[in-house]
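# Descriptive structure summary
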Amino acid sequence: MSTAISSNGHLRYGPDMKILIVGGGIAGLTLCGLLEQRGFRPTLVERASGFGDVGYIIVVWPSGSRILKGLRLYELLKERGCAFSDYNISNYRGKIINSYTIDSVVEKYGPIISIYRPDLIEILTHAVSRDSIRMNTTVTSFEDTPQGVETVFSDGSTQTYDLVVGCDGIRSWVRKKVFGDVPLRYSGMSGWGFWVSRNLCAGEGIIEYWGKGKFLGMWPTRGRLAVFTSVRRKSGVPDAVDTRVENIRRNFSGFAGVVPEILRSLDDPGDIYYDEYNDLRMDSWSRGRVVLAGDSVHAILPNAGAGASMAMESAAVLAEELCRTDSLNLSHAFWQYESRRKARVNKVQNQSRIMGKFIYTESSVLSSVRDYIVKAYSSRQLFKYWDSMLKDPL
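Bear in mind the structure is a predicted one, so any value in this text is a computation, not a measurement. (Residues numbered from 1 in each chain as written. Predicted model: local features only at pLDDT ≥ 70, side-chain atom pairs only at ≥ 80, totals over all residues. Heavy atoms only, no water.)

## A word on unusual backbone geometry
A negative phi angle is the norm for most residues apart from glycine, just as the trans form is the norm for most peptide bonds. Even without being a glycine, Arg72 presents a positive backbone phi close to 60°. With respect to the secondary-structure elements, Arg72 resides in the loop between helix H2 (62-70) and helix H3 (74-80). Residue class for Arg72 comes out exposed when judged on its relative accessible area of 78%. Of note, Asn136 is a non-glycine position whose phi angle comes to about 55°, a positive value. In this fold, Asn136 is placed in the loop between strand S8 (133-135) and strand S9 (139-145). With relative accessibility at 53%, the residue Asn136 sits in the exposed group. (Helix = DSSP H or I, 4+ residues; strand = E, 2+ residues; numbered from the N terminus. Buried < 20%, exposed > 50% of the residue type's maximum accessible area, 1.4 Å probe, protein only.)

Below is the structure:
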């Protein structure tokens, strides 16, 4: 028998709580699916009219795969994703510095899988009831009151929730509403992303070209390759769409290997994505009845390849804690969630910052030292790095 009290009694237990999730990205859909699996009936709002084809490659760590296994979605991930076994690093002249195998990582933890982001989003929707999702809808205002979070939506409707979860990305509206302007941490790097033919790179491995303050990497997925480039740039420098092909060719004209062929294949600048590389670290992840998850609270630099898995991990931990609380003790659940996640997230963020400085050095001397270190760095040492990232319990 349910022990929930009506909303004006202020108390609801576990699955009887009314939960609003703002944002239908990886964190939001994962959280919604996990809550539904546990008997909750959350509402998820997404500002877009459809999930569409926004995004490039997502890397799913074994920790993310475990969560998809729990949602019975892992087979779909394997079908649509691409597990890789080799990691190759070249200098900008096209000479391979080192080739690594990650077989030991796969043997201990399971495969690391790259997948087209819209495919992962579509997979996650299989865990969510269509009745839970309100597309083309966003929150225009909310107020945290003793009765709950009184919410107004873009279609004019209103509702009161026991809690609101902001999963609306690195430039989160929910975060700004609750915490004000929280500055992003710019890495000093910006870059372009685009697709090229799979014929440019045989096999299932990753190839990265490291220059002085410049980087170009190719990541495989089904049928094609995603190319990510990085250059050192001041924040706020304009990047007009019609100049992107020219900018990429100019910045990487001195690179060898397959890079010249990639540069020749560039055609439509409208198909090229550009962004500055930022991360985000916050002292507190919640306030009142509002809590944040995923990139809205702990965005990670893209060179780590960890953002999606960290978002899924946080969604899983938050779902667990919400099962153990009621609407009057949310602060303790949020504290538990934050306590369980912060050290791990900080560790991955720190590692991504260190790795970025190592890869993107502009000094000729330091880049030569970097290449020497990579040449001497064994697959066994690479395993130790991955082991340190993957062994932490959720």
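## With respect to the environment of Leu68
Here Leu68 is to be found in helix H2. Assessed through its relative accessible area of 0%, Leu68 is described here as buried. Between the C-alpha atoms of Leu68 and Cys323, which are 255 residues apart in sequence, the distance is 19 Å. Those residues within four positions of Leu68 in sequence are excluded, and the remaining contacts are Leu73, Tyr74, Leu77, Leu120, Leu124 and Met312. (Contact = heavy atoms within 4.5 Å.)

## Examining the pairing of strand S5 (residues 86-91)
With five of its six residues buried, S5 lies for the most part within the structure. Summarising the sheet, S5 and strand S6 (residues 96-101) pair through five bridges and their orientation is antiparallel. Residue pairing in the sheet places Asp86 in a bridge with Thr101 of S6. Between S5 and S6, which pair antiparallel in sequence order, lie four residues; one of them, Gly94, sits at a positive phi of approximately 95°. (Pairing = 2+ DSSP bridges.)

## Quick look at the sheet that holds strand S11 (residues 158-161)
Here we have three strands laid out as an open sheet, ordered S9-S10-S11, and antiparallel in their pairing. Looking along the sheet, the strands with just one partner apiece sit at the ends: S9 and S11. Each strand of the sheet is rotated relative to its neighbour by a mean of 20°, with strand direction disregarded. (Axes fitted to C-alpha atoms, helices over the stretch in contact; angles between N-to-C directions.)

## Quick look at helix H10 (residues 307-322)
Taking 1.5 Å of rise per residue, 16 residues should cover 22 Å, and H10 covers 23 Å from first to last C-alpha, within 8% of that figure. Burial runs high along H10: 14 of the 16 residues are buried. (Expected span 1.5 Å × (residues − 1).)

## Looking at the packing of aromatic side chains
In this structure the tally under the stated criterion is 17 aromatic pairs. Their ring planes at 85° and their centres at 5.7 Å tell us that Phe142 and Trp173 sit as a pair that is edge-to-face. Placement of the pair is Phe142 in strand S9 and Trp173 in helix H6 (residues 173-179), with a sequence separation of 31 residues. Judged by centre distance (5.5 Å) and plane angle (70°), the ring pair of Trp285 and Tyr337 falls under edge-to-face. With Trp285 in the loop between strand S17 (273-279) and strand S18 (286-287) and Tyr337 in helix H11 (residues 330-359), this pair connects stretches of sequence that are 52 residues apart. Of the two residues, Trp285 and Tyr337, both sit in the buried class. The structure contains a cluster of three or more aromatic residues connected by ring pairs, namely Tyr56, Tyr116, Trp195, Phe228 and Tyr273. Sitting over the face of the ring of Phe153, Arg134 holds its NZ or CZ atom 4.4 Å from the ring centroid. (Phe/Tyr/Trp six-rings, centres within 6.5 Å; stacked < 30°, edge-to-face > 60°. Lys NZ or Arg CZ within 6 Å of the ring centre and 35° of its normal.)

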